[in-house]
Amino acid sequence: MPSGLAVDHAGHLYVADTLNSRVLEYDHPLESTTANRAFGQEDGSLTGSGCNPSGVPDAKSMCKPVDVAVDAKGVLYVADTGNSRVLEFTSPERSIKPTRVFGQNGDFTTNDCDRGGVSALTLCNPGGVAVDAKGRLYVVDTGNSRVLEYDYPKINS
């Protein structure tokens, strides 16, 4: 069930594959229909499909991602809805491991909706992500009926 997509400056296509709890990357989508990389499954398995394959959330897992966005520098953001977080991949073409997590107070191993209470640091089932021309990150925090703006996502979390 693909639900969101984005294309980076190099032409790589990223697809949020919600029901398979992964994001697929296609390096040359106009030349091949085979994905080159999978984010969110054990060791980047292109055949994996489980929500948090190890049974609990960790830095390499996902649970029902619904949207993706890529900024001008190629940084990938994933709305990992089932884990109530947004994952940031600074170099997705080189690593399937995220560099930062939004919505869980910096902890990759939790997935609580509004962990510690509703605040600017928490999320509850984010339903969308977008990045504008100035690099600001926008997150649709569906469970809290709000949209959060991160002016400098590289500095603030």
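A brief report on the enclosed structure follows. What you are looking at is a predicted structure, and each value in this text was computed from that prediction instead of being measured. Residue positions within a chain follow its written sequence, with the count starting from 1. For this predicted model, a pLDDT threshold of at least 70 governs which residues receive local features, and a threshold of 80 or more governs which side-chain atom pairs are given and counted, while totals over whole chains, interfaces and linings are taken from all residues. Each side-chain value is derived from all of the structure's non-hydrogen atoms; neither hydrogens nor water enter the calculation.

With that settled, consider the overall build of the chain. The helix and strand labels rest on DSSP assignments: H or I over at least four residues marks a helix, E over at least two residues marks a strand, and numbering proceeds from the N terminus. Along its length, the chain carries zero helices and 11 strands. The helix and strand sequence of the chain, counted from the amino end, reads β-β-β-β-β-β-β-β-β-β-β. Against the 2.2 N^0.38 benchmark of 15 Å for 157 residues, the chain shows a C-alpha radius of gyration of 14 Å, consistent with a compact globule. By principal-axis analysis of the C-alpha atoms, the chain measures approximately 45 × 35 × 25 Å. When we talk radius of gyration, it's over C-alpha atoms, and the globule rule is simply 2.2 Å times the number of residues to the 0.38.

Time to look at the state of the cysteines. When two cysteine sulfur atoms lie within 2.5 Å, the pair is treated as a disulfide. With the rule as written, the count across this model stands at two disulfides. What pairs with C51 in a disulfide is C63, and their sulfur atoms sit 1.8 Å apart. An S-S torsion of about -100 degrees defines the bridge between C51 and C63 as left-handed. Of the two residues, C51 is situated in the loop between strand 4 (37–39) and strand 5 (65–70) and C63 in the loop between strand 4 and strand 5; the sequence distance between them amounts to 12 residues. Buried means the residue's accessible area, taken with a 1.4 Å probe over protein chains only, is under 20% of the maximum for its type, while exposed means over 50%, and partly exposed covers the values in between. For C51, a relative accessible area of 34% puts it in the partly exposed group. In this model, C113 is linked to C124 through a disulfide, with the two sulfur atoms separated by 1.8 Å. Given an S-S torsion of about -100 degrees, the disulfide between C113 and C124 has left-handed geometry.

The strand order 9-10-11 describes an open sheet built from three strands, whose pairing is antiparallel. Pairing within the sheet leaves two strands with one partner each, and these edge strands are strand 9 (126–131) and strand 11 (146–150). Looking at each pair of strands side by side, their axes are set apart by 20 degrees on average, direction ignored. Note on pairing: DSSP must find at least two bridges between two strands before they are called paired. Of the strand pairs in this sheet, strand 10 (residues 137–141) and strand 11 are connected by five bridges, and their pairing is antiparallel. Paired with Y138 across the two strands is E149, which belongs to strand 11. Only the stretch in contact is used when a helix axis is fitted, and all axes are lines through C-alpha atoms; the angle between N-to-C directions ranges over 0 to 180 degrees.

Let us now look at the pattern of salt bridges. In what follows, salt bridge is the name for a side-chain nitrogen of Lys or Arg lying within 4 Å of a carboxyl oxygen of Asp or Glu. All told, the structure shown has nine salt bridges when counted by the stated rule. As a salt-bridge pair, E25 and R37 come within 2.8 Å of each other at their nearest N and O atoms. Here R37 lies in strand 4 and E25 lies in strand 3 (residues 22–26), a separation of 12 residues in the sequence. Shared partners join several salt bridges into a network, and the residues in it are E25, D27 and R37.

This part covers the nonpolar core. Counting residues in each nonpolar core, the largest one holds 15 residues, and the members touching the most others are V68 and L76. Here, two residues are considered to be in contact whenever any of their heavy atoms come within 4.5 Å of each other. Contact partners of L76, with chain neighbours within four places excluded, come to Y14, F39, V68, A69, V70, L87, E88, F89 and P92. Within the second largest apolar cluster, 12 residues are counted, among which are V75, F102, L123 and Y150. As used in this record, nonpolar core signifies buried Ala, Val, Leu, Ile, Met, Phe, Trp, Tyr and Cys residues forming a set joined through side-chain atoms within 4.5 Å.

The rule is short: rings of Phe, Tyr and Trp, with Trp giving its six-membered ring, pair when the centres are within 6.5 Å, and they are stacked under 30 degrees, edge-to-face over 60, tilted in between. This model, assessed by the stated rule, comprises four aromatic pairs. Plain terms: the ring middles of Y14 and F39 are 6.3 Å apart, the flat faces sit at 50 degrees to each other, and that makes the pair tilted. One end of the pair, Y14, is in strand 2 (residues 13–17); the other, F39, is in strand 4, with 25 residues separating them in the sequence. Members of the aromatic cluster, each reached through a chain of ring pairs, are Y14, F39 and F89.

Okay, unusual backbone geometry next. Here the phi dihedral of S21 falls at roughly 50 degrees; this positive angle occurs in a residue that is not glycine. By secondary structure assignment, the location of S21 is in the loop between strand 2 and strand 3. The exposure class of S21 is buried, given its relative accessible area of 2%. A positive phi angle, close to 50 degrees, is found at S145, a residue other than glycine. Inspection of the secondary structure puts S145 in the loop between strand 10 and strand 11.

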